[in-house]
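Residues per chain are reported as follows:
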Amino acid sequence: MDRVALRGLRARGHHGVFPREREEGQTFIVDLVLGLDTRPAAADDDLAKTVHYGIVAEEVVDVVQGEPVDLIETLAERIAQQCLKHEGVQEVEVCVHKPDAPITVPFDDVTITITRSRV
(Lines give C-alpha, C1' and ligand atoms only; values in the text may rest on other atoms or scores of the structure.)
Protein backbone atom coordinates (compact mmCIF):
# COMPACT_ATOMS: atom_id res chain seq x y z
CA MET A 1 0.00 0.00 0.00
CA ASP A 2 1.24 3.48 -0.84
CA ARG A 3 1.23 6.32 1.67
CA VAL A 4 0.23 9.96 1.40
CA ALA A 5 1.24 11.94 4.49
CA LEU A 6 0.03 15.30 5.75
CA ARG A 7 2.02 16.67 8.66
CA GLY A 8 1.38 19.58 10.97
CA LEU A 9 -2.24 20.44 10.18
CA ARG A 10 -3.15 23.11 12.73
CA ALA A 11 -6.55 24.15 14.01
CA ARG A 12 -8.06 25.64 17.12
CA GLY A 13 -10.51 23.45 18.96
CA HIS A 14 -12.37 23.44 22.26
CA HIS A 15 -11.67 19.85 23.30
CA GLY A 16 -10.84 18.73 26.80
CA VAL A 17 -12.33 17.77 30.12
CA PHE A 18 -11.69 21.06 31.90
CA PRO A 19 -14.01 24.08 31.61
CA ARG A 20 -11.09 26.35 30.67
CA GLU A 21 -10.22 24.13 27.68
CA ARG A 22 -13.81 24.24 26.49
CA GLU A 23 -14.15 27.99 26.95
CA GLU A 24 -10.78 29.25 25.68
CA GLY A 25 -9.85 26.51 23.23
CA GLN A 26 -6.33 25.63 22.15
CA THR A 27 -4.30 24.63 19.14
CA PHE A 28 -4.31 21.01 18.04
CA ILE A 29 -1.88 19.64 15.47
CA VAL A 30 -2.72 16.61 13.33
CA ASP A 31 -0.46 14.32 11.34
CA LEU A 32 -2.04 11.87 8.88
CA VAL A 33 -0.76 8.95 6.86
CA LEU A 34 -3.29 7.74 4.31
CA GLY A 35 -2.86 4.26 2.88
CA LEU A 36 -4.05 3.77 -0.69
CA ASP A 37 -3.05 2.41 -4.07
CA THR A 38 -1.69 5.32 -6.11
CA ARG A 39 -0.83 3.26 -9.21
CA PRO A 40 -4.03 4.08 -11.14
CA ALA A 41 -3.54 7.81 -10.54
CA ALA A 42 0.13 7.66 -11.51
CA ALA A 43 -0.57 5.64 -14.66
CA ASP A 44 -3.12 8.15 -15.93
CA ASP A 45 -1.77 11.26 -14.17
CA ASP A 46 -5.33 11.71 -12.84
CA LEU A 47 -6.22 13.36 -9.53
CA ALA A 48 -9.63 11.70 -9.58
CA LYS A 49 -7.93 8.31 -9.13
CA THR A 50 -6.20 9.21 -5.87
CA VAL A 51 -7.07 11.10 -2.69
CA HIS A 52 -7.25 14.89 -2.90
CA TYR A 53 -5.14 15.74 0.13
CA GLY A 54 -6.20 19.40 0.04
CA ILE A 55 -9.80 18.37 0.62
CA VAL A 56 -8.76 15.90 3.32
CA ALA A 57 -6.82 18.67 5.08
CA GLU A 58 -9.85 20.97 5.05
CA GLU A 59 -12.09 18.22 6.39
CA VAL A 60 -9.68 17.42 9.22
CA VAL A 61 -9.53 21.09 10.22
CA ASP A 62 -13.35 21.15 10.20
CA VAL A 63 -13.41 18.16 12.59
CA VAL A 64 -10.93 19.82 14.97
CA GLN A 65 -12.88 23.08 14.88
CA GLY A 66 -16.19 21.25 15.21
CA GLU A 67 -18.14 19.75 18.06
CA PRO A 68 -16.05 19.59 21.25
CA VAL A 69 -15.18 16.27 22.84
CA ASP A 70 -13.56 15.44 26.16
CA LEU A 71 -10.78 13.18 24.89
CA ILE A 72 -8.20 13.49 22.15
CA GLU A 73 -8.80 9.77 21.62
CA THR A 74 -12.33 10.63 20.50
CA LEU A 75 -11.05 13.45 18.32
CA ALA A 76 -8.56 11.09 16.64
CA GLU A 77 -11.32 8.55 15.98
CA ARG A 78 -13.54 11.18 14.37
CA ILE A 79 -10.67 12.30 12.15
CA ALA A 80 -9.92 8.71 11.13
CA GLN A 81 -13.54 8.03 10.23
CA GLN A 82 -13.68 11.20 8.12
CA CYS A 83 -10.55 10.14 6.20
CA LEU A 84 -11.95 6.66 5.55
CA LYS A 85 -14.97 8.21 3.83
CA HIS A 86 -12.71 8.81 0.83
CA GLU A 87 -13.17 5.87 -1.51
CA GLY A 88 -9.52 5.12 -2.22
CA VAL A 89 -8.30 5.41 1.36
CA GLN A 90 -7.94 1.90 2.76
CA GLU A 91 -6.11 2.78 5.96
CA VAL A 92 -5.29 5.87 7.98
CA GLU A 93 -2.89 6.64 10.78
CA VAL A 94 -3.88 9.71 12.79
CA CYS A 95 -1.67 11.43 15.33
CA VAL A 96 -3.28 14.24 17.32
CA HIS A 97 -0.91 16.56 19.19
CA LYS A 98 -2.08 18.62 22.15
CA PRO A 99 0.97 20.79 22.89
CA ASP A 100 -0.89 23.09 25.29
CA ALA A 101 -2.42 20.34 27.42
CA PRO A 102 -3.13 21.41 31.01
CA ILE A 103 -0.19 19.65 32.64
CA THR A 104 1.55 21.19 35.65
CA VAL A 105 5.09 20.05 34.82
CA PRO A 106 7.31 20.99 31.86
CA PHE A 107 6.61 18.91 28.73
CA ASP A 108 6.95 19.14 24.96
CA ASP A 109 3.81 17.50 23.67
CA VAL A 110 0.97 15.06 24.32
CA THR A 111 -0.11 12.83 21.45
CA ILE A 112 -2.45 9.99 20.61
CA THR A 113 -1.80 7.87 17.54
CA ILE A 114 -4.38 5.49 16.11
CA THR A 115 -4.58 3.36 12.98
CA ARG A 116 -7.89 2.48 11.37
CA SER A 117 -8.71 0.56 8.22
CA ARG A 118 -11.61 -0.70 6.13
CA VAL A 119 -11.92 -4.13 7.64
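By the naming in an unreviewed UniProt entry, the chain goes by 7,8-dihydroneopterin aldolase and is assigned to Streptomyces coeruleoprunus. In its Pathway (unreviewed entry) section, the UniProt record describing the chain reads: "Cofactor biosynthesis; tetrahydrofolate biosynthesis; 2-amino-4-hydroxy-6-hydroxymethyl-7,8-dihydropteridine diphosphate from 7,8-dihydroneopterin triphosphate: step 3/4."

The subject of this paragraph is the overall build of the chain. In terms of helices and strands, the chain carries 4 helices and 4 strands. Listed N to C, the secondary structure of the chain is β-α-β-α-α-α-β-β in terms of helices and strands. Overall size of the chain, expressed as C-alpha extent along the three principal axes, is 50 × 25 × 25 Å. Restricting the contact set of the chain to residue pairs at least 6 apart, pairs at least 24 apart contribute 60%. For the chain, the exposed area adds up to about 7,000 Å²; of that, 50% sits on carbon and sulfur atoms.

Within this structure, the stated rule accounts for 7 salt bridges. Lys 98 is paired through a salt bridge with Glu 21; the nearest N and O atoms lie 2.6 Å apart. Note that Lys 98 is positioned in the loop between strand 3 (91-97) and strand 4 (111-117) and Glu 21 in helix 1 (residues 19-24), a separation of 77 residues in sequence. You'll find Lys 98 and Glu 21 in the same group, each marked buried.

A word on the pairing of strand 3. Across the 7 residues that make up strand 3, a large majority, 5, are buried. Where strand 2 (residues 26-36) meets strand 3, 7 bridges bridge the pair, whose relative direction is antiparallel. Each bridged residue has a counterpart across the sheet, and for Val 30 the counterpart in strand 3 is Val 96. Two strands pair when backbone bridges link them, and strand 3 and strand 4 are joined in this way by 7 bridges, in the antiparallel orientation. Note that in strand 4 the partner of Val 92 across the bridge is Arg 116.

This part takes up the nonpolar core. Soluble globular proteins tend to pack their nonpolar side chains together in the buried interior. Val 30, Leu 32, Leu 34, Ile 79, Val 94 and Val 96 are the most contacted members of the largest nonpolar core, which has 29 residues in total. Residue assignment for this core shows that the elements contributing at least two residues are strand 1 (2-13), strand 2, helix 3 (53-65), helix 4 (72-83), strand 3 and strand 4. Examining the composition of this core, we find that 6 residues originate from one element, helix 4, more than from any other. Not counting the four nearest positions on each side in its chain, Val 94 is found in contact with Val 30, Asp 31, Leu 32, Ala 76, Ile 79, Ala 80, Ile 112, Thr 113 and Ile 114.

For the rest of this paragraph, the subject is a nonpolar patch on the surface. A cluster of nonpolar side chains, contributed by Val 17, Phe 18 and Leu 71, occupies part of the molecular surface with about 280 Å² of accessible area. Relative to the assigned elements, Phe 18 resides in the loop between strand 1 and helix 1.

Relative to the helices and strands, Gln 82 is located in helix 4. A polar contact is formed between the side chain of Gln 82 and the side chain of Glu 59, at a distance of 3.2 Å. For Gln 82, the contacting residues outside a window of four places in its chain are Glu 59 and Val 63.

Definitions and cut-offs
- Residues numbered from 1 in each chain as written.
- Predicted model: local features only at pLDDT ≥ 70, side-chain atom pairs only at ≥ 80, totals over all residues.
- Heavy atoms only, no water.
- UniProt positions renumbered as here; feature names shortened; annotations may be inferred.
- Helix = DSSP H or I, 4+ residues; strand = E, 2+ residues; numbered from the N terminus.
- Contact = heavy atoms within 4.5 Å.
- Areas by Shrake-Rupley, 256 points an atom, 1.4 Å probe, with all protein chains shown as cover.
- Salt bridge = Lys/Arg side-chain N within 4 Å of Asp/Glu carboxyl O.
- Buried < 20%, exposed > 50% of the residue type's maximum accessible area, 1.4 Å probe, protein only.
- Pairing = 2+ DSSP bridges.
- Core = buried A, V, L, I, M, F, W, Y, C linked by side-chain atoms within 4.5 Å.
- Patch = residues over 30% accessible without salt bridge, like charges linked within 9 Å, V, L, I, M, F, W, Y side chains within 5 Å.
- Polar contact = N/O pair within 3.5 Å; in protein donor to acceptor, adjacent residues only side chain to side chain.

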